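The primary structure of each chain is shown beneath.
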Amino acid sequence: MSSRQSKFSLPNDGLIAALDIGGTKIAGALVDQDGVLIHRARRTTPARESADVLLGAVYDVLGSLAASPLWERVGAVGIGSAGPIDLAHGTVSPVNIPAWRNFPLAESVTRHPDVGHRQVTLAGDAVAMTAAEHRHGAARGHRNALCLVVSTGVGAGLVLNGSVYHGLTGNAGHLGHISIDFDGEACPCGARGCLEAIASGTAITRHALALGWQAPLTADTAGVAASARAGEAAAIDAFDRAARALAAGIAATAALIEIDIAVVGGGVAQAGEVFFEPLARHLRHYAAMPFLKELRVVPAELGPEAGLVGAAVLASAGDSAVPVMLGHGSR
């Protein structure tokens, strides 16, 4: 079964089996209709192994979920995967999983013996996070929102007119790969000056080191954040540069489609005020048009569970290839 399926009615006590597939981990959970994770499973992603070995790890997670006595209550399976993805064909080509190029993930999961008759819904991981934050988190009640995952990369998803918007192929909202620096460095995607190359956690750490930052223990975003909170100039500047780039991207998106809130999650968001203070400050500068005066940026609420929760939200709607109605407010 592909990601294009007819809608179905989930029983009141029904559960969704959710998968969150990324370059470092394959997480799974049984999720109830309130977004609560009831039973979990997890495997390290064998990202440098063959396609079959990778699928075997996915099957291991599915098998662990199916071993639960709650499995009989599962009505559908939702997948949030690193991308790019292709909803029309149910395939994925994650940048950080080389063996999966146009890999038929939706069909492969459908073939797992424990999945049986259950329909499988595929979405990009950032779109899944968006669905989670819109149904259960910081974008709840907003009809137009941008939700971002700022970590080793920059992913994003859109809510338009109360619906999660997938786009033609499932990759709408790919904010990390808009160009904000015409003379910037080349990006692995083939473009130049991409937002991701400035605003990601990897870019923050790289820029801090270039400015002379001395990592106290490990050279990562958490270390840069700790130094920024301690007042170290290089660390503060690295976060300010990333926040400025991200603010420009958010403001450009808002000017195009009039979102009223931007929700930011991911590892970089865990830095707290050393990230969100300059982000809000720069956003006030870039979002200068009068119709953008109410735009605000807030931290995500669901944390690392957002991918699983969002995959379940989309699967419960029954079809990831059409707009999924989630809005509960009038904003």
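Residues numbered from 1 in each chain as written. Predicted model: local features only at pLDDT ≥ 70, side-chain atom pairs only at ≥ 80, totals over all residues. Heavy atoms only, no water.

A. Fine view of the overall build of the chain. In terms of regular secondary structure, the chain is built from 9 helices and 13 strands. Here the chain has a C-alpha radius of gyration of 19 Å; the compact-globule value for 331 residues is 20 Å, and the two agree. Within the chain, contacts between residues separated by at least 24 positions form 64% of all contacts whose residues are at least 6 apart in sequence. As displayed, the chain offers around 14,100 Å² of accessible surface, 53% of which is attributable to carbon and sulfur atoms. Placing the 24 positive and 29 negative side-chain charges of the chain at their respective mean positions leaves the two points 2 Å apart. (Helix = DSSP H or I, 4+ residues; strand = E, 2+ residues; numbered from the N terminus. Rg over C-alpha atoms; globule rule 2.2 N^0.38 Å. Contact = heavy atoms within 4.5 Å. Areas by Shrake-Rupley, 256 points an atom, 1.4 Å probe, with all protein chains shown as cover. Lys, Arg positive; Asp, Glu negative; His and termini not counted. Charge placed at Lys NZ, Arg CZ, Asp CG, Glu CD.)

B. Representation of the pairing of strand 12 (residues 296–299) in the model. Where strand 11 (residues 261–265) lies against strand 12, 4 bridges are found, and the strand directions are parallel. The partner of Val264 across the bridge, within strand 12, is Pro299. With helix 8 (residues 273–286) bridging strand 11 and the parallel strand 12, this β-α-β connection has right-handed handedness. (Pairing = 2+ DSSP bridges. Right-handed = clockwise from strand over helix to strand, strands pointing away.)

C. Main features of helix 9 (residues 306–317). The end-to-end C-alpha separation of helix 9 is 17 Å, in line with the 16 Å expected for 12 residues at 1.5 Å each. Most of helix 9 sits inside the fold, with 11 of its 12 residues counted as buried. Considered for burial, the residues of helix 9 that qualify are Ala306, Gly307, Leu308, Val309, Gly310, Ala311, Ala312, Val313, Leu314, Ala315 and Ala317. (Expected span 1.5 Å × (residues − 1). Buried < 20%, exposed > 50% of the residue type's maximum accessible area, 1.4 Å probe, protein only.)

D. Local environment of helix 1 (residues 51–66). Spanning 16 residues, helix 1 covers 22 Å between terminal C-alpha atoms, matching the ideal 22 Å at 1.5 Å per step. Along helix 1, the positions that sit buried rather than exposed are Ala51, Leu54, Leu55, Ala57, Val58, Val61, Leu62, Leu65 and Ala66. Among the structural elements, strand 1 (15–21), strand 2 (25–31), strand 3 (37–44) and helix 2 (105–110) are those in contact with the buried residues of helix 1.

E. Molecular detail of the packing of aromatic side chains. By the definition in use, this model includes 3 aromatic pairs. Arranged with centres 4.6 Å apart and planes meeting at 5°, the rings of Trp100 and Phe103 form a pair that is stacked. Note on accessibility: Trp100 and Phe103 belong to one class, buried. A connected cluster of aromatic rings, assembled from ring pairs, spans Phe239, Phe275 and Phe276. (Phe/Tyr/Trp six-rings, centres within 6.5 Å; stacked < 30°, edge-to-face > 60°.)

F. Quick look at the pairing of strand 7 (residues 119–124). In terms of burial, strand 7 is a largely internal element, 6 of the 6 residues being buried. Side chains of strand 7 alternate between two faces, with Gln119, Thr121 and Ala123 and Val120, Leu122 and Gly124 buried alike. Examined bridge by bridge, strand 4 (residues 74–81) and strand 7 share 6 bridges and lie parallel to one another. Its bridge partner lying in strand 7, Gly80 is registered against Ala123.

G. Region of interest: the sheet that holds strand 7. The strand order 3-2-1-4-7 describes an open sheet built from 5 strands, whose pairing is mixed. Looking at strand neighbours, the two that pair on one side only are strand 3 and strand 7, the edges of this open sheet. Between one strand axis and the next, the sheet turns through 15° on average, direction left out of account. When strand 1 meets strand 2, the two strands line up antiparallel, connected through 6 bridges. Note that in strand 2 the partner of Ile21 across the bridge is Ile26. (Axes fitted to C-alpha atoms, helices over the stretch in contact; angles between N-to-C directions.)

H. Structural context of unusual backbone geometry. The omega angle of the peptide bond from Gly83 to Pro84 is 15°, so this bond is cis rather than trans. Mapped onto the fold, Pro84 is located in the loop between strand 4 and strand 5 (85–86). Even without being a glycine, Asn161 presents a positive backbone phi close to 55°. As for its placement among the helices and strands, Asn161 is situated in the loop between strand 9 (154–160) and strand 10 (163–165). For Glu258, which is not glycine, the phi dihedral falls at a positive 60°. With respect to the element layout, Glu258 can be found in the loop between helix 7 (233–257) and strand 11. When its relative accessible area of 49% is taken as the criterion, Glu258 is described as partly exposed.

I. Layout of the confidence of the model for the chain. For the chain, per-residue confidence averages 91 on the pLDDT scale, and 92% of positions sit at 70 or higher. Low confidence marks residues 1–8, where pLDDT is under 50. Its contacts with residues over four positions away, or in another chain, come to 35 contacts. Taken together, the stretch residues 319–331 has pLDDT below 50 and engages in 50 contacts with residues farther than four places along the chain or on a different chain. (pLDDT = per-residue confidence, 0-100.)

J. Seen up close, the nonpolar core. Core analysis: the biggest nonpolar cluster contains 43 residues, and Leu148, Phe239, Leu246, Ile250, Val264, Phe275 and Leu279 have the highest contact counts within it. Elements with a minimum of two residues in this core: strand 8 (145–150), strand 9, helix 4 (196–199), helix 5 (201–210), helix 6 (221–229), helix 7, strand 11 and helix 8. Broken down by element, this core gets its largest block of residues, 12 residues, from helix 7. Discounting chain neighbours no more than four positions away, the residues touching Leu148 are Met129, Val154, Gly155, Ala156, Leu175, Leu246, Ile250, Ala262, Val263, Val264 and Gly265. Within the second largest apolar cluster, 32 residues are counted, among which are Ile21, Ile85, Val115 and Leu122. (Core = buried A, V, L, I, M, F, W, Y, C linked by side-chain atoms within 4.5 Å.)

K. Local environment of the environment of Ile26. Along the polypeptide, Ile26 turns up in strand 2. A C-alpha to C-alpha distance of 8.4 Å links Ile26 and Ala41, two positions 15 residues apart in sequence. In this view, Ile26 contacts Asp20, Ile21, Ala41, Arg42, Arg43, Thr45, Leu54, Ala57, Val58 and Val61; residues no more than four positions away in its chain are not counted.

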